[in-house]
Amino acid sequence: KQEVTQIPAALSVPEGENLVLNCSFTDSAIYNLQWFRQDPGKGLTSLLLIQSSQREQTSGRLNASLDKSSGRSTLYIAASQPGDSATYLCAVLSRPGGGADGLTFGKGTHLIIQP
Amino acid sequence: DVKVTQSSRYLVKRTGEKVFLECVQDMDHENMFWYRQDPGLGLRLIYFSYDVKMKEKGDIPEGYSVSREKKERFSLILESASTNQTSMYLCASSYGDSSYSNQPQHFGDGTRLSIL
């Protein structure tokens with residue numbers, strides 16, 4: 001069964017720093033990996049999606065990489081801002097045959113950017 | 001922009017009641033999903049659907065059922081609500097054609113359900 005782990009569970013950094021959030025998964029047979037942002041009491045906002053054949057995706061100050069063979073992904077946030085404070089969730093879409101076809105989520109990294 | 005709308009942001013019900021959570025999407029997506037989110041456990045898949053009148057169990061279907069009579073609407077039903085079903089419920093949708101692997105899931109704002 002697919003398992004997704006995110007490290008660290010929480011992170012607090014001063015504004016302006018570059019930072020990296022880590023995600024690992026146990027089964028490399030995936031369709032894609034998604035990074036989401038969740039603000040308190042809200043739903044999830046999709047940030048980036050990396051297909052299994054891709055190595056990275058970029059959107060503005062965000063860059064996500066995928067190493068499928070080692071079961072790892074990173075989300076790089078450049079020049080962090082207080083508005084980036086949120087919980088960041090990593091999720092993988094596994095190939096059918098192993099059970100459910102929904103996303104398998106990590107427990108998230110709670111990020112605080114200090115002004 | 002994709003819009004996934006959940007009918008209630010907050011809901012309070014009593015144990016034993018039959019509870020309906022509604023979700024509507026406006027992008028003609030084939031796939032729809034129900035998740036619950038709990039502190040320390042993260043998001044877990046309850047049920048999903050690939051087409052009208054079609055449903056599949058997720059990881060934690062016990063105590064729940066679903067209904068998909070129309071493509072745009074996916075309902076989650078708590079047959080007899082219990083206190084351990086107090087949670088944040090999130091609905092999502094995505095395309096289901098050959099572009100499946102490169103289409104993100106889009107989420108609603110969630111329904112925070114309390115069972116007393």
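Everything below is about the structure printed above this text.
Note that the coordinates shown come from a computational prediction; the quantities given were computed from them, not determined experimentally.

This part covers the sheet that holds strand S7 (residues 62-67) of chain A. Residues and elements named next belong to chain A. The five strands are arranged S1-S3-S8-S7-S6 in an open sheet whose pairing can be described as antiparallel. Strands with a single pairing partner mark the edges of an open sheet, and in this sheet they are strand S1 (4-7) and strand S6 (56-59). The sheet shows a mean angle of 15 degrees between the axes of neighbouring strands, taken without regard to direction. Across four bridges, the pairing between S6 and S7 is antiparallel. Residue pairing for S7: Thr58 is matched across the bridge by Asn63.

Another point: the interface of chain B and chain A. Each partner contributes residues to the interface: chain B has 25 residues there, and chain A has 21 residues. Taking both partners together, chain B and chain A bury about 1800 Å²; carbon and sulfur atoms supply 57% of that area. The interface formed by chain B and chain A includes zero salt bridges. There are five residue pairs in polar contact (both at pLDDT 80 or more) connecting chain B and chain A. Elements that contribute at least two residues to the side of chain B that touches chain A include exactly strand S4 (31-38), strand S5 (42-49) and strand S9 (87-94) of chain B. Counting residues per element, the side of chain B that touches chain A draws most heavily on S5(B), which supplies four residues. Looking at side-chain class alone, the side of chain B that touches chain A contains 12 nonpolar, nine polar and four charged residues.

Cut-offs applied
Residues numbered from 1 in each chain as written. Chains lettered and ligands numbered in written order. Predicted model: local features only at pLDDT ≥ 70, side-chain atom pairs only at ≥ 80, totals over all residues. Heavy atoms only, no water. Pairing = 2+ DSSP bridges. Helix = DSSP H or I, 4+ residues; strand = E, 2+ residues; numbered from the N terminus. Axes fitted to C-alpha atoms, helices over the stretch in contact; angles between N-to-C directions. Contact = heavy atoms within 4.5 Å. Buried area = accessible area lost by both parts, 1.4 Å probe. Salt bridge = Lys/Arg side-chain N within 4 Å of Asp/Glu carboxyl O. Polar contact = N/O pair within 3.5 Å; in protein donor to acceptor, adjacent residues only side chain to side chain. Nonpolar A, V, L, I, M, F, W, Y, C, P; charged D, E, K, R; others polar.

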